[in-house]
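A look at the structure
Chain residues, written in single-letter form:
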Amino acid sequence: MNIAMLLDMAAEGFGDRVLIGRTDDGLTAPKLRELAVGGARSVRAADADAIVYLAVNGPALPVALFAAARAGVPLIPVNYRLGAAQLDALLANHPRALGIADPEHGEALRRAGLAVRSPDQWLTQAAAEAPAAPGDEEPAPSPDAPAVLIYTSGTTSTPKGVVLRHHNLVSYVLGTVEFAGADPDEAALVSVPPYHIAAVSNVLTNLYAGRRALSLEQFTPESWLDLVRRQRVTNAMVVPTMLARIMDTDGLDRSVPSLRALAYGGARMPVRVIETALRVWPHVDFVNAYGLTETSSTITVLGPQEHRTAVASDDPAVRARLGSAGLPVPGVELEVRDASGAVVGPGETGQIWVRGDQVSGEYAGQGSAVDERGFFHTRDQGRIDADGYLHIEGRADDTIIRGAENIAPAEIEDVLLRHPDVLDAVVVGVPDEEWGQRIEAVVVVRDGAELDAGDLRAQVRGTLRGSKTPERITRWAELPRTPTGKLVRRDIVEALTADR
């Protein structure tokens, strides 16, 4: 099965229900299929071997996704925030692609020698090439064909192109969503850029469920809340920094009467923020979704009832689940292994490995990264508790090695973020001649708060121990993060060592 078949099912099952965009000018599934067929004709006429998408989110993205599928080529959504040198190097890998770009990003595609269409030109051309009636004039792509190629964020290394094949994406959709499971009035708001796996997976899951999908091009707390109210959004997906800004910005009207469910993921959520959100929006079902590009999106979920049970519990073990990533979704297996590759027991920290049909673990030009048993190394550290809940403790690359002791930054960050005036925090290892690395922290403090670094250090020392206490805590106005909320730790280390 391929993702084009998911669109065929939606087109046959949902009729004139608007599923893409706003209610007044959005696309129905039959119209989306019509445009996808027209777009596929354009791809074949150009003899293109891929579609490169260098634009903000919007209706052009799902049309490009399904046009690429029908043409038997991958969609490559590219990060338009990359620098010119990085962008040129990435685009050099795709000299035969058809390009879709916003006007301000089109020059990069032209430098790479690609033909460029704006999103509006792409939609117009797809409509002009669309057949008068649906037909089967093109062969269906193989389930093993690449459907999407997404470059990783490159926060710790050079971006790598993750290959997601049709069967990976279809497996994820069928394992996590019920066909036609959404009510006709449901609408989903996705606030991540198109080069994030969540943008692609949300197109597929919402379409399959029959839920109208909207996108927000530029996030601010005010614009997000306004769009939720005006479009009567029932379901939304945000990254943790977005929810933190919604909860922490003073003077906002946070009323969202239509909102029923909110999913978050992409980075660690401070417990303080989710506790606040549960109080502010008691009628909303919160879902923590943990996944990777290499796994076609979500592999574990902490569901609504688990959120409510954890925040109401006096049992420390149950309350700790509020900071967990939840339980595996159907069809996904997890293992936590030590440095030798042996599987560790419940509660023991190690490196997280995952297996399942939705797991790709494949990189363009490098092949598969799964082991002989089909498991993929996520490069995240964590533990699985006695009840099966996964707790993420950060990237393996982020581990601080101080005097031969391995220290997870996440543990220290959690303590710092418990302070009511600390809005954001990061802990990193800085080179040190005596210890190998020393622990330093950077915090973002609430406006107007008088916060003493010594008091924060004492809070860490009293909760953990002296060897895990930051030697220095610096106050910044903001932390460098990607648009999906991931910390760019290498930039932080460089800044902290630049003045030494």
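Residues numbered from 1 in each chain as written. Predicted model: local features only at pLDDT ≥ 70, side-chain atom pairs only at ≥ 80, totals over all residues. Heavy atoms only, no water.

**Some remarks on the overall build of the chain**
The line we're drawing: Strands here are runs of E lasting at least two residues and helices are runs of H or I lasting at least four, both read from the DSSP assignment and numbered beginning at the N terminus. What the globule rule says is 2.2 Å times the number of residues to the power 0.38, and the radius of gyration is computed from C-alpha atoms. Throughout, a contact is declared for two residues whenever any of their heavy atoms are within 4.5 Å.
Secondary structure summary: the chain contains 16 helices and 26 strands in total. A globule of 500 residues ought to have a C-alpha radius of gyration of about 23 Å, and the chain, at 23 Å, matches this closely. Over its C-alpha atoms, taken along the principal directions, the chain stretches across nearly 70 × 45 × 45 Å. Intrachain contacts of the chain at a sequence separation of at least 6 include 67% that bridge at least 24 residues.

**So, the packing of helix α1 (residues 3-14) against helix α3 (residues 60-71)**
As a reminder, the rule being used: Angles shown run from 0 to 180 degrees and are taken between the N-to-C directions of axes, each axis being a line fitted to C-alpha atoms and, for helices, limited to the stretch in contact. For any pair of crossing helices, the crossing counts as left-handed if the nearer helix is rotated counterclockwise from the farther one by less than a right angle, and right-handed if it is rotated clockwise.
Closest axis-to-axis distance for the α1/α3 pair is 8 Å, and the angle between their directions is 120°. Along this stretch, α1 crosses α3, giving a crossing that reads as left-handed. Contacts between α1 and α3 involve I3, A4, L7 and D8 from the former and L65, F66, A69 and R70 from the latter.

**Looking at the domain arrangement of the chain**
Test applied: An automatic or database domain assignment provides the domain bounds reported here.
For the chain, the domain assignment lists domain 1 (3-218), domain 2 (299-397) and domain 3 (399-499). One C-alpha centre belongs to domain 2, the other to domain 3; they are set 24 Å apart.

**Details of the sheet that holds strand β20 (residues 376-384)**
Sheet strands pair via backbone hydrogen bonds, and the direction of the pair is either parallel or antiparallel. Where we set the bar: Any two strands with at least two DSSP bridges between them are considered paired.
Taken in spatial order, the four strands make up an open sheet running β16-β17-β20-β21, and their pairing is antiparallel. Looking at strand neighbours, the two that pair on one side only are β16 (333-337) and β21 (390-395), the edges of this open sheet. On average, adjacent strands in this sheet sit at an angle of 45° to one another, irrespective of strand direction. Of the pairings in the sheet, the one linking strand β17 (residues 350-355) to β20 comprises four bridges and is antiparallel in character. If you follow W353 over to β20, its bridge partner there is H377.

**Examining unusual backbone geometry**
Convention followed: Relative accessibility decides the category of a residue: with a 1.4 Å probe and only protein chains considered, values under 20% of the type maximum give buried, values over 50% give exposed, and everything between is partly exposed.
For A180, which is not glycine, the phi torsion reads 60° and is therefore positive. Assignment of secondary structure puts A180 in the loop between α7 (166-176) and β9 (187-190). The phi torsion at S297 lies on the positive side, around 105°, for a residue other than glycine. Checked against the element boundaries, S297 lands in strand β14 (residues 297-302). On the basis of relative accessible area, S297 is assigned to the buried category, the value being 8%.

**Some remarks on the pairing of strand β7 (residues 146-151)**
When you tally the buried positions in β7, you get five out of six residues, the bulk of the element. In the sheet, β7 pairs with strand β8 (residues 161-165) via five bridges, with the strands oriented antiparallel. The residue of β8 that forms the bridge with V148 is L164.

**Considerations on the nonpolar core**
Rule in force here: Nine residue types can take part in a nonpolar core, namely buried Ala, Val, Leu, Ile, Met, Phe, Trp, Tyr and Cys, and a core is a set of them joined through side-chain atoms within 4.5 Å.
I3, I51, L65, F66 and W122 are the most contacted members of the largest nonpolar core, which has 70 residues in total. No other element matches α3, which puts 10 residues into this core. Looking at which domains feed residues into this core, each of domain 1 (3-218) and domain 2 (299-397) supplies at least three. If we ignore the near neighbours within four places in the chain, the residues touching F66 are I3, A4, L7, L32, A36, V203, L204 and L207. Core analysis: the second largest hydrophobic core is formed by 37 residues, V190, L216, L243 and I246 among them.

**As for a nonpolar patch on the surface**
Rule in force here: Without a salt bridge and with relative accessible area above 30%, a residue can belong to a patch; like charges are then joined within 9 Å and nonpolar side chains (Val, Leu, Ile, Met, Phe, Trp, Tyr) within 5 Å. Areas reported here follow the Shrake-Rupley algorithm with a probe of radius 1.4 Å; residue values treat only the protein chains shown as occluding. Counted as salt bridges are all cases of a side-chain nitrogen of Lys or Arg within 4 Å of a carboxyl oxygen of Asp or Glu.
There is a patch of nonpolar side chains on the surface, built from M1, M5 and L174 and spanning about 250 Å² of accessible area. Tracing the sequence through the fold places M5 in helix α1. Residue class for M5 comes out partly exposed when judged on its relative accessible area of 37%.

**Regarding the packing of aromatic side chains**
How we decide: Here a Phe, Tyr or Trp ring, Trp counted by its six-membered ring, pairs with any other such ring whose centre lies within 6.5 Å, and the pair is stacked when the planes are under 30 degrees apart, edge-to-face when over 60, and tilted otherwise.
A full pass over the atoms with the stated rule returns four aromatic pairs. On the numbers, 5.5 Å between centres and 80° between planes, the contact of Y80 with Y195 is edge-to-face. Of this pair, Y80 sits in the loop between β4 (75-77) and α4 (84-91) while Y195 sits in the loop between β9 and α8 (197-209); the two residues are 115 residues apart in sequence, bridging distant segments of the chain. Accessibility assignment for this pair places Y80 and Y195 in one class, buried.

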